[in-house]
Amino acid sequence: MERYERREELKENIDYERLRREHPCDDIDDLLELMLDVVCSTAPTIRISGSDVPTEAVKDRFFQLDSGHIQYVIDSLKQTTTKINNIRAYLLTALYNAPVTIGPYYSAAVRHDFG
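Here is a short report on the structure shown in this document. (Residues numbered from 1 in each chain as written. Predicted model: local features only at pLDDT ≥ 70, side-chain atom pairs only at ≥ 80, totals over all residues. Heavy atoms only, no water.)

## Looking at the packing of aromatic side chains
Which entries qualify depends on this criterion: Note on aromatic pairs: the rings of Phe, Tyr and Trp (six-membered ring only in Trp) are paired at centre separations within 6.5 Å, and the planes decide the class, stacked below 30 degrees, edge-to-face beyond 60, tilted for the rest. Either the NZ atom of lysine or the CZ atom of arginine qualifies as a charge over a ring when it sits within 6 Å of the ring centre and within 35 degrees of the ring normal.
For the coordinates displayed, the defined rule picks out zero aromatic pairs. The lysine or arginine in question, lysine 11, covers the ring of tyrosine 16, its NZ or CZ lying 4.6 Å from the ring centre. The side chain of arginine 61 reaches across the aromatic face of tyrosine 96, ending 4.1 Å from its centre.

As C-alpha cells, this is what we get:
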C-alpha cells in the first residue's frame, strides 16, 4: 500500500497526466518507477555520481521534483550524444541534480541564444 501511495504522491508532484500527454512514450513512466524505487528504498544510502548519499537526502530531493525538472531531464537526455553505459545510474544522478542545475542550465541557454 505504501508504494501505491508514494506513486500517487510523486505523480501529483510532477503533474504526471500533463507530462504523459506531452510525452506519449514510456519516458515518464520509466522515470516515475525509478523515482518510486528510490523513495520506497530501505537501503541506508544510494549511489549518486559515484558517491553514497544518505537515502533520506535523495528521497527529500526527489519529492522536490516537479514537471519542469522532469522535462529538463528528458530534454537533457535527448541532447546527450555520448554512450551511456549505466542508464539507471545516469538517470538517478540527473534526477537528483535537477533541482540545483535547472536554473543555471536555462540561464546559460538564454545567454547563448541572446548572447
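## Concerning the packing of helix α1 (residues 2-13) against helix α3 (residues 27-39)
Note the threshold: Lines are fitted to the C-alpha atoms to define the axes, a helix being fitted only along its stretch in contact, and any angle between axes, read from their N-to-C directions, falls within 0 to 180 degrees. Secondary structure counts use DSSP, requiring at least four H or I residues in a row for a helix and at least two E residues in a row for a strand, with both numbered from the N terminus. For classification purposes, an angle smaller than 35 degrees is called roughly parallel, one larger than 145 roughly antiparallel, one from 65 to 115 roughly perpendicular, and anything else oblique. Left-handed is the label given to a crossing in which the near helix is rotated counterclockwise from the far helix by less than a right angle, and right-handed is the label when the rotation is clockwise. Here, two residues are considered to be in contact whenever any of their heavy atoms come within 4.5 Å of each other. Basically, the charged four are Asp, Glu, Lys and Arg, the nonpolar ten are Ala, Val, Leu, Ile, Met, Phe, Trp, Tyr, Cys and Pro, and anything else, Gly included, counts as polar.
Put simply, α1 and α3 touch, their axes get as near as 10 Å, and they point 125° apart. Judged by the angle between their axes, α1 and α3 are oblique. The two elements α1 and α3 meet at a crossing, and its hand is right-handed. Across the interface between the two elements, Arg3, Arg6, Arg7, Leu10 and Lys11 of α1 pack against Leu32, Glu33, Met35, Leu36, Asp37 and Val39 of α3. Taken together, the residues of the contact of α1 with α3 sort by class into five nonpolar, no polar and six charged.

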